[in-house]
4 protein chains.
Amino acid sequence: MKKLALLIFLLFPIITQAQDYMQPYLTLEDATRISNAAEAKSKAEGWNMVIVIMDAGGHIISLRKMDGVQIGSIDVAIAKAKSAVYFKRPTKVFEDAMKAEGGTRIVTLPNAVAIEGGLPIFKDGTIIGSIGISGASSAQDGTVASFAVAAY
Amino acid sequence: MKKLALLIFLLFPIITQAQDYMQPYLTLEDATRISNAAEAKSKAEGWNMVIVIMDAGGHIISLRKMDGVQIGSIDVAIAKAKSAVYFKRPTKVFEDAMKAEGGTRIVTLPNAVAIEGGLPIFKDGTIIGSIGISGASSAQDGTVASFAVAAY
Amino acid sequence: MKKLALLIFLLFPIITQAQDYMQPYLTLEDATRISNAAEAKSKAEGWNMVIVIMDAGGHIISLRKMDGVQIGSIDVAIAKAKSAVYFKRPTKVFEDAMKAEGGTRIVTLPNAVAIEGGLPIFKDGTIIGSIGISGASSAQDGTVASFAVAAY
Amino acid sequence: MKKLALLIFLLFPIITQAQDYMQPYLTLEDATRISNAAEAKSKAEGWNMVIVIMDAGGHIISLRKMDGVQIGSIDVAIAKAKSAVYFKRPTKVFEDAMKAEGGTRIVTLPNAVAIEGGLPIFKDGTIIGSIGISGASSAQDGTVASFAVAAY
């Protein structure tokens, strides 16, 4: 038991330090699984979508554009994913805020998108990336995004 | 028989017209198959790559970033794919031209990238898209791009 | 006494001229003191902030991002500081104006940000720079900005 | 000893998983220590510098502009830091490559800067950020950058 206690004691500082200076991140395997879920859900609903997954730095890990989607949705999905990871919150939060205050000051907030379909992805309370969906109505985009993040 | 001949006669102009105004295009299924080949080749060689597939309009259909690749390779792979489809030629053509003329005038050519790793994708003589690879040396990027396009 | 009067008379135009063509400016030492005050206030309140100090030309003298702040706050704090020094007024003035007129015309004003947290910094009536704060609610950002400028 | 072996066995998968999906990151405290070293070195040499520290995603954690530095050095230092973290290599590598090949193809590489003064920062083999220095000659910028990274 003494040895056990000693081992725990010796390991503890290392683990503590790791927690202080280490953070989780999203792999391509994770991003592919999330994207597959988004694509499957879109097909089941009969929608065509652009699906974007970003890492915690706002860089694209995965993008796929289903056939027939308007090309404008590529930049929209990228912008939604960026907004979600830059502000650690769903783009719908900005959409609701603009409706609630009847105002538009959020328009002057750099990189903010106020249209549903962007969601941050967290692991153990730390942001590790985001998803951006565009192609159908914003509510439908949001439905696919939520379904996909649940698959992570 | 007369009726059959009449029908063919009536249909003929329509079919001719359709052939004149149709062009092949790259589907997400095609892009996924090409990307899978690129990723498989990269893994076999022990390289980490960003793989970008664009359509004939220079819009991203598929992007995947393998774990551990420098983030700068995302913009580089996008730029290579864009150069390849914008100019209907491999980015290596510009690289070779710059070396041959010992000059820099290509630097002023909008959207041109003079680094190997970008290839146009043709079908029946018509450009339908491109691939951009970045992550290893430019020669290795080019090897993966060629391997992947052969899988189309 | 006559000589003294003559000397003053001769020097006076020179001094006047010098006063006409000089302006105060913000040093890195000033910016560091203001940033330290902002960071101390943020920690005391339990908030994580991005703190930006600009000079009179709208160029960043100092930026610091506290751990854990959403990355979107970097661009937001820069934009607030820029708006404050470009228009010599707090960003809250634009926010209030948009609310008061229920309108959106300020959205079309280049470089204007209509969200509290940006303040100009004056010395003897001359603008010498600005501060931009982002990371918590806009009201909290404004609290930190005001506290910090008072430390100048 | 059996208990010890069991404990190690139980801990092993957790630690392995953590290594797979966890990565180190740069804190503001780290960035401040590195910046302080850069500023002290600059002062000792009689140089004025802009000092930029970025995180692994290419986002600014810390920026300070010493008094009297040309304003153009702000964007230069940011660009050098971005190049270093985007390509996981010193900007001098691009500078040397351009000299060696007598060519300019690197000019077409998005986000690449071919001027000494940008260095990546690694921890245990993983990139966690970068430094960008500008204000004196590029060789002097590089001297300060190297000195500062050694202080991490």
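In this text, all values refer to a predicted model and were calculated from it rather than measured experimentally.

(A) Representation of unusual backbone geometry within the structure. Residue and element names in this part refer to chain A. One non-glycine residue, Asp-124, lies in positive phi territory at about 50°. By the secondary structure assignment, Asp-124 is in the loop between β4 (118-123) and β5 (126-134). Judged by relative accessible area, Asp-124 falls into the exposed class, the value being 73%.

(B) Representation of the environment of Ser146(B) within the structure. Along the chain, Ser146(B) turns up in helix α5 (residues 138-150). Owing to a relative accessible area of 43%, Ser146(B) belongs among the partly exposed residues under this scheme.

(C) Inspection of the side chain of Ser130(B) at higher detail. Residues and elements named next belong to chain B. Looking at the secondary structure, you find Ser-130 in strand β4 (residues 126-134). From its side chain, Ser-130 meets the backbone oxygen of Ala-81 in a polar contact 2.7 Å long. Sequence-distant contacts of Ser-130, defined by excluding residues within four places in its chain, comprise Val-52, Ile-53, Met-54, Ala-81, Ala-84, Val-85, Leu-119, Pro-120 and Ile-121.

(D) Representation of helix α3 (residues 72-87) of chain B within the structure. All names here are of chain B. For α3, which comprises 16 residues, the first-to-last C-alpha distance of 23 Å matches the rise-based estimate of 22 Å (1.5 Å per residue) to within 8%. Judged by how many residues are buried, α3 sits mostly within the fold: 12 of 16 residues are covered. Along α3, the residues classified as buried are Gly-72, Ser-73, Ile-74, Val-76, Ala-77, Ala-79, Lys-80, Ala-81, Ser-83, Ala-84, Val-85 and Phe-87. With its phi angle positive at about 50°, Lys-88 sits one or two positions after the end of α3.

(E) Main features of the packing of aromatic side chains. Residue and element names in this part refer to chain A. Across all of its chains, the model carries four aromatic pairs over all chains by this definition. Ring geometry for Phe-87 and Phe-94: centres 5.3 Å apart, planes at 90°, overall edge-to-face. Judged by its relative accessible area of 5%, Phe-94 falls in the buried class.

(F) Main features of the side chain of Arg64(C). Residue and element names in this part refer to chain C. Structurally, the position occupied by Arg-64 is in strand β2 (residues 60-65). Looking at Arg-64, its side chain comes within polar contact range of the side chain of Asn-36, at 3.0 Å. Engagement of the side chain of Arg-64 in a polar contact is seen with the side chain of Glu-39, the distance being 2.6 Å.

(G) Quick peek at the layout of surface pockets. Counted as a void, the second largest pocket has a volume near 970 Å³. In this structure, the second largest pocket is lined by 47 residues; those nearest its centre are Lys82(A), Tyr86(A), Asp75(C), Lys82(D) and Tyr86(D). When contributions to the lining of the second largest pocket are tallied by element, the ones reaching two or more residues are α3 (72-86) of chain A, α3 of chain B, α3 (72-86) of chain C together with α3 (72-86) of chain D. For the lining of the second largest pocket, the per-class residue count stands at 24 nonpolar, 15 polar and eight charged.

(H) Structural context of the sheet that holds strand β3 (residues 118-123) of chain B. Spatially, eight strands are ordered β4(A)-β5(A)-β2(A)-β3(A)-β2(B)-β1(B)-β4(B)-β3(B) in an open sheet, and the strand pairing comes out antiparallel. Both edges of this open sheet fall to β4 of chain A together with β3 of chain B, since each of them pairs with a single strand only. Averaged over all pairs of adjacent strands, the angle between strand axes in this sheet comes to 15°, irrespective of strand direction. Here six bridges tie β3(B) to β4(B), and the two strands are oriented antiparallel to one another. Among the inter-strand pairings, Lys123(B) is bridged to a residue of β4(B), identified as Thr126(B). Packed onto the sheet, helix α5 (residues 138-150) of chain A meets β4 and β5 of chain A and runs at close to 140° relative to β5(A).

(I) Structural detail: the packing of helix α2 (residues 28-45) of chain B against α5(B). Residue and element names in this part refer to chain B. Running from amino to carboxyl end, α2 crosses α5 at an angle of 140°, the nearest separation of the two axes being 8 Å. Relative to α5, α2 is oriented oblique. Between α2 and α5 lies a crossing whose hand is right-handed. Note on element contacts: α5 touches α2 through Thr-143, Val-144, Phe-147, Ala-148 and Val-149, opposite Ile-34, Ala-37, Ala-38, Lys-41 and Ser-42. Looking at side-chain class alone, the contact of α2 with α5 contains seven nonpolar, two polar and one charged residues.

(J) Region of the structure containing the interface of chain D and chain B. In this assembly, 15 residues from chain D lie in contact with 19 residues from chain B. Here chain D is connected to chain B by one salt bridge. For Arg105(D), the salt bridge is made with Glu95(B), and the minimal N-O distance between the two is 3.2 Å. Our count for the contact surface shared by chain D and chain B stands at six residue pairs in polar contact (both at pLDDT 80 or more). Here the residues of the side of chain D that touches chain B sort into seven nonpolar, five polar and three charged.

(K) Structural view of the confidence of the model for chain A. Looking at chain A as a whole, its pLDDT mean stands at 89, while 86% of the residues score no less than 70. Confidence drops under a pLDDT of 50 for residues 4-19 of chain A, and excluding neighbours within four residues, the segment shows six contacts in the predicted structure.

(L) The arrangement of the sheet that holds strand β2 (residues 50-55) of chain D in detail. Pairing is antiparallel across the open sheet formed by eight strands, whose spatial order is β3(C)-β4(C)-β1(C)-β2(C)-β3(D)-β2(D)-β5(D)-β4(D). The sheet is open, and its two edges are formed by β3 (118-123) of chain C together with β4 (118-123) of chain D, each paired on a single side. Recorded for the sheet is a direction-independent mean angle of 15° between the axes of neighbouring strands. The sheet contact formed by strand β1 (residues 50-55) of chain C and strand β4 (residues 126-134) of chain C spans six bridges and is antiparallel. Its bridge partner being in β4(C), Ile51(C) is matched across the sheet by Ile133(C). Most of the contacts of helix α5 (residues 138-150) of chain C go to β4(C), to which it runs at about 145°, and overall it touches β3 and β4 of chain C. Its contacts with the sheet place α3(D) against β2 of chain C together with β2, β3 (60-65), β4 and β5 (126-134) of chain D, and it is angled at close to 155° to β5(D).

(M) Representation of the pairing of β5(D) within the structure. Burial of β5(D) is extensive: eight of the nine residues sit out of reach of the surface. The antiparallel pairing of β4(D) with β5(D) creates a hairpin that spans two residues between the two strands, and Asp124(D) there sits at a positive phi of about 50°.

(N) Spotlight on the relation of the copies chain D and chain B. With an RMSD of 0.1 Å, the fit of chain D onto chain B corresponds to turning through 92° and sliding 0.3 Å along the axis. Taken together, the turn and the small shift mark the pair as related by a four-fold rotation axis. Minimal C-alpha distance to the rotation axis in chain D is attained by Thr104(D), lying at 4.4 Å. Here only 13% of the interface residues in chain D have copies in chain B that are interface residues too; the copies meet through unlike faces.

(O) The arrangement of helix α2 (residues 28-45) of chain C in detail. Residues and elements named next belong to chain C. Between its terminal C-alpha atoms α2 stretches 25 Å, which fits the 26 Å expected from 18 residues at 1.5 Å a residue. Residues of α2 that are buried: Leu-28, Asp-30, Ala-31, Ile-34, Ser-35, Ala-37, Ala-38, Glu-39, Lys-41 and Ser-42. Just past α2, the residue Gly-46 takes up positive phi, approximately 80°.

(P) Structural context of the pattern of salt bridges. In the structure shown here, the tally under the stated rule is 30 salt bridges over all chains. The residue Glu45(C) makes a salt bridge to Lys41(C) at a minimum N-O spacing of 3.0 Å. Linking Glu45(C) with Lys41(C), this pair stays in helix α2, spanning four residues, or about one helical turn. It is possible to trace a salt-bridge network through shared partners that takes in Glu39(A), Lys43(A) and Arg64(A).

About the criteria used
- Residues numbered from 1 in each chain as written.
- Chains lettered and ligands numbered in written order.
- Predicted model: local features only at pLDDT ≥ 70, side-chain atom pairs only at ≥ 80, totals over all residues.
- Heavy atoms only, no water.
- Helix = DSSP H or I, 4+ residues; strand = E, 2+ residues; numbered from the N terminus.
- Buried < 20%, exposed > 50% of the residue type's maximum accessible area, 1.4 Å probe, protein only.
- Polar contact = N/O pair within 3.5 Å; in protein donor to acceptor, adjacent residues only side chain to side chain.
- Contact = heavy atoms within 4.5 Å.
- Expected span 1.5 Å × (residues − 1).
- Phe/Tyr/Trp six-rings, centres within 6.5 Å; stacked < 30°, edge-to-face > 60°.
- 1 Å grid on protein atoms, 1.4 Å probe; cavity = no way out; pocket = protein on both sides within 12 Å on 5 of 7 lines; lining within 4 Å.
- Points joined across faces, edges and corners; volume = space filled by probe spheres on them.
- Nonpolar A, V, L, I, M, F, W, Y, C, P; charged D, E, K, R; others polar.
- Pairing = 2+ DSSP bridges.
- Axes fitted to C-alpha atoms, helices over the stretch in contact; angles between N-to-C directions.
- Parallel < 35°, antiparallel > 145°, perpendicular 65-115°, else oblique.
- Left-handed = near helix turned anticlockwise from the far one by under 90°.
- Salt bridge = Lys/Arg side-chain N within 4 Å of Asp/Glu carboxyl O.
- pLDDT = per-residue confidence, 0-100.
- Least-squares fit on C-alpha atoms with pLDDT ≥ 70 in both.

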